[in-house]
Amino acid sequence: MKNYLYPAACLLSGLVLINSCSTSSISKSERETAYVNSKETASSTCFVKMNDGTIKTYSTLKLITGTFINPYLLADGNVKIKAGQIVSYQNANHFAVSQKTFCCGRMSHVATETLPGFAVRTVKGKLNVYCKKYYTGQSVVDEYFLQAGNDGLIKPYSPELMNQLVKDNPEAYQFFNNKKFKGRTPAKLQATALLYNGDQSITKN
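All figures in this text were calculated on a predicted structure; none of them were measured in a lab.

Caption draft 1: Summary view of the side chain of aspartate 142. Looking at the element boundaries, aspartate 142 is found in strand E13 (residues 140-148). Given a relative accessible area of 3%, aspartate 142 falls into the buried group. For aspartate 142, the side chain forms a polar contact with the side chain of lysine 133, separated by 2.8 Å.

Right, dumping it as structure tokens:
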């Protein structure tokens, strides 16, 4: 049985995964630390990628939300950037991509950790994992997406898709299909991706 250390143990174990109910005691600060580890660059550089492909860098990039406010990004304290203007961005906390770049998935208008309609990357590498929040009408839940490399389509997570993507790595494939795993499905998803990417924090007992 695998034991995975932080960050695998604390990555997005919360709320509801597609077709699976799971609760979480993972704190917001732990999730944010995990997101930082999956940013596009390890530095504190903030940037946005505009719809035309232009990259603009800033010293700070903050999510602004509030009652009767359409959420937006505030760059360097004075530049307002709307969700519809960009396809991706990175701030001090995470790297996120717009749902308009996905092949499918539920439309999202929730802005909690990121802009509405954006998915945060939670694992980076040969296999990327993204998490997007959406509102069911009763609660906010998490929807997960997988991507092979940087150029692959971002597709909604399913066990079948995960098996297809990791089948060339026996260790990750066996781990994902291990029925004895006692952790939550989101944690298993994250740990599988980390194993596939060769993360050294995942070890055997």
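On we go.
Caption draft 2: Expanded view of the packing of aromatic side chains. Per the stated rule, a full pass over the model turns up 3 aromatic pairs. For the pair tyrosine 89 and phenylalanine 118, a centre-to-centre distance of 5.7 Å together with 55 degrees between the ring planes defines the contact as tilted. Taken as a pair, tyrosine 89 in strand E9 (residues 86-90) and phenylalanine 118 in strand E11 (residues 118-123) lie far apart in primary sequence, 29 residues in all. In this structure tyrosine 89 comes out as buried when scored by relative accessible area, which is 0%. A ring pair is formed by phenylalanine 102 and phenylalanine 145, whose centres lie 4.6 Å apart and whose planes are at 40 degrees; its orientation type is tilted. Pair noted here: phenylalanine 102 is in the loop between strand E10 (95-98) and E11 and phenylalanine 145 is in strand E13, with a separation of 43 residues, a long-range link. There is no split in this pair, since phenylalanine 102 and phenylalanine 145 are both buried. Above the plane of the ring of phenylalanine 176 lies lysine 188, whose end atom (NZ or CZ) is 5.7 Å from the centre.

Caption draft 3: Up close: the pattern of salt bridges. For the structure on display, the rule yields 2 salt bridges. Two residues, lysine 133 and aspartate 142, come together in a salt bridge whose shortest N-O distance is 2.8 Å.

Caption draft 4: Local environment of helix H4 (residues 185-196). Compared with an ideal rise of 1.5 Å per residue, which puts 12 residues at 16 Å, H4 spans 16 Å between its outermost C-alpha atoms and is within 8% of the ideal. Along H4, 11 of the 12 residues are buried, which leaves the element largely enclosed by surrounding structure. Within H4, the full set of buried residues consists of Pro186, Ala187, Lys188, Leu189, Gln190, Ala191, Thr192, Ala193, Leu194, Leu195 and Tyr196. Phi turns positive, to about 80 degrees, at glycine 198, one or two residues after H4.

What counts as what
- Residues numbered from 1 in each chain as written.
- Predicted model: local features only at pLDDT ≥ 70, side-chain atom pairs only at ≥ 80, totals over all residues.
- Heavy atoms only, no water.
- Helix = DSSP H or I, 4+ residues; strand = E, 2+ residues; numbered from the N terminus.
- Buried < 20%, exposed > 50% of the residue type's maximum accessible area, 1.4 Å probe, protein only.
- Polar contact = N/O pair within 3.5 Å; in protein donor to acceptor, adjacent residues only side chain to side chain.
- Phe/Tyr/Trp six-rings, centres within 6.5 Å; stacked < 30°, edge-to-face > 60°.
- Lys NZ or Arg CZ within 6 Å of the ring centre and 35° of its normal.
- Salt bridge = Lys/Arg side-chain N within 4 Å of Asp/Glu carboxyl O.
- Expected span 1.5 Å × (residues − 1).

Distances and angles like these do not, on their own, reveal function.
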